[in-house]
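Okay, here's what each chain looks like letter by letter:
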Amino acid sequence: MNHVAKVIHLHDQNVESRQRVAVRRRPEFQTGDTASGRVTSLSDRRAGTEPPQPRSVSDLVRGALTAQIGKTAEFARRRVTGDYQIDEFGFDEHLLESVILPALRPMSDMWFRVEVNGMQHIPEVGGALIVANHAGTVPLDGLMLQLAVHDHHAKQRALRLLAADLIFEMPVLGVLARKAGHTLACREDAERLLRAGELTGVFPEGFKGVGKNYSDRYKLQRFGRGGFVAAAVRTGVPIIPCSIVGSEEIYPKLADLKPLARLLGLPYFPVTPLFPHFGPLGALPLPSKWYIEFGEPIATTAYEPEAADDPMTMFEVTDQVRETIQQTLYKLLTKRRNPFTG
């Protein structure tokens, strides 16, 4: 008898369960879009919590165009009304952040796929001197370095690069370089920037580094006479070593047409696997994978300003910076499996 009672009880429970499911499935309790598979309960609709409808592609495009038009209008308004500042070096921060850096981001993010490490070593305020290796036949590494510092630093600091005279002698490029915050690679300008608390960058190899043959890739050239160290010591700012991997492969320089370089007034005229054989198409940089790593700062506060006039002291610090960058390059190259895939 007990067994029969249990069977009847279980049967009643199953009937009640099916009835509850049927009630929940009634149209008056649920509404939805059967085509999309979205179902919303009546209680949710009454509470006004219905899930938002996905935006169509046209809506997304329209929204993006509206936002871009708004940005363009705001940029034009500020340029027309003069609502921007230019410092004594010609630095136009508004133009840098609104035009120059946005133009570089697709190349950095999608073409070179730049990865940045060691950003915590760059101070949030105050002067500091970033010293990096230089390579690539065309000095795109300076632009990628400036963009990396701005986009990855907590305060989005502007990196002021010290560049060669040749850059500022070019008609359009020279003006853009000034507006981007760069200035001549001389002791006076370097010290003025550092004393003003600016984040300053320098490539001590100069054209010797950027124009070396592909067979000498990632082998640092001579760092000059240590003028950058003297500027850091006189101003008491830290020196931050920076190692860049990936720039050597963008234009592998196989030879140098020196007669043509002298005719054009250039330090070299490169021959690469694609240039000048393929004309303008050969000027497209190869999509190498980039790594930028900032090392621990090297303090200069232990030196008196007069130490900047001691050649031996400056040579020792210069050699320390150079060796730090070189060893970091070797470390990054050891980890890299392929120049283009990383």
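In this text, all values refer to a predicted model and were calculated from it rather than measured experimentally.

Rules and cut-offs
Residues numbered from 1 in each chain as written. Predicted model: local features only at pLDDT ≥ 70, side-chain atom pairs only at ≥ 80, totals over all residues. Heavy atoms only, no water. Helix = DSSP H or I, 4+ residues; strand = E, 2+ residues; numbered from the N terminus. Buried < 20%, exposed > 50% of the residue type's maximum accessible area, 1.4 Å probe, protein only. Contact = heavy atoms within 4.5 Å. Areas by Shrake-Rupley, 256 points an atom, 1.4 Å probe, with all protein chains shown as cover. Expected span 1.5 Å × (residues − 1). Phe/Tyr/Trp six-rings, centres within 6.5 Å; stacked < 30°, edge-to-face > 60°. Lys NZ or Arg CZ within 6 Å of the ring centre and 35° of its normal. Pairing = 2+ DSSP bridges. Axes fitted to C-alpha atoms, helices over the stretch in contact; angles between N-to-C directions. Parallel < 35°, antiparallel > 145°, perpendicular 65-115°, else oblique. Left-handed = near helix turned anticlockwise from the far one by under 90°.

**A few points about the overall build of the protein chain**
Moving on, step 1. Within the protein chain, the regular secondary structure consists of 12 helices and 11 strands.
Moving on, step 2. Scored against the burial criterion, the 342 residues of the protein chain give a buried share of 38%.
Moving on, step 3. Partitioning the contacts of the protein chain with sequence separation of at least 6, the portion at a separation of at least 24 is 73%.
Moving on, step 4. As displayed, the protein chain has an accessible area near 19600 Å², and 58% of this comes from carbon and sulfur atoms.

**Thoughts on helix α12 (residues 311-335)**
Moving on, step 1. Taking 1.5 Å per residue, 25 residues should reach 36 Å; α12 reaches 36 Å between its end C-alpha atoms and fits that length.
Moving on, step 2. Taken residue by residue, α12 has T313, M314, V317, T318, V321, I325, Q326, T328, L329 and L332 as its buried positions.
Moving on, step 3. Packed against the buried residues of α12 are β4 (128-132), α10 (227-235), β8 (239-245) and β11 (291-294).

**Here we look at the packing of aromatic side chains**
Moving on, step 1. Overall, the coordinates contain 3 aromatic pairs when judged by the stated rule.
Moving on, step 2. Between F269 and F275, the aromatic rings sit 5.8 Å apart at their centres with planes inclined by 40 degrees, giving tilted as the arrangement.
Moving on, step 3. On the accessibility criterion, F269 (14% relative accessible area) is buried.
Moving on, step 4. In this structure, R79 is placed above the aromatic ring of Y84, and the distance from its NZ or CZ to the ring centre is 3.7 Å.
Moving on, step 5. Residue placement shows R178 over the ring face of F168; its charged tip is 4.6 Å from the ring centre.

**Description of the sheet that holds strand β6 (residues 183-184)**
Moving on, step 1. The strand order β3-β11-β8-β4-β7-β5-β6 describes an open sheet built from 7 strands, whose pairing is mixed. Looking at strand neighbours, the two that pair on one side only are β3 (115-117) and β6, the edges of this open sheet.
Moving on, step 2. Sheet analysis places β4 next to strand β7 (residues 199-202), joined by 4 bridges and oriented parallel. Paired with I130 across the two strands is G201, which belongs to β7.
Moving on, step 3. Where helix α5 (residues 140-152) meets the sheet, it contacts β3, β4, β5 (159-163), β7, β8 and β11, and its direction lies at approximately 65 degrees from that of β11.

**Quick notes on the environment of I298**
Moving on, step 1. Within the element layout of this structure, I298 appears in the loop between β11 and α12.
Moving on, step 2. Taking the relative accessible area as the measure of exposure, I298 reaches 11% and is therefore buried.
Moving on, step 3. Here the alpha-carbon distance between I298 and P238, two residues 60 residues apart in the chain, equals 5.5 Å.
Moving on, step 4. Setting aside residues no more than four positions away along its own chain, I298 makes contact with P238, I239, P241, Q320 and V321.

**Remarks on unusual backbone geometry**
Moving on, step 1. Omega for the bond connecting F275 with P276 falls within 30 degrees of zero, at 5 degrees, which places this linkage in the cis form.
Moving on, step 2. Note on placement: P276 falls in the loop between β10 (270-271) and β11.
Moving on, step 3. One non-glycine residue, T137, adopts positive backbone phi at about 70 degrees.
Moving on, step 4. With respect to the element layout, T137 can be found in the loop between β4 and α5.

**Examining the packing of helix α3 (residues 57-81) against helix α4 (residues 93-111)**
Moving on, step 1. Between α3 and α4, whose axes approach to 12 Å, the crossing angle comes to 155 degrees. The angle between α3 and α4 falls in the class roughly antiparallel. Relative to α4, the crossing made by α3 is left-handed. Within the contact between the two elements, α3 uses F75, R78 and R79 and α4 uses H94, L95, S98 and V99.

The analysis is restricted to geometry; functional conclusions fall outside its scope.
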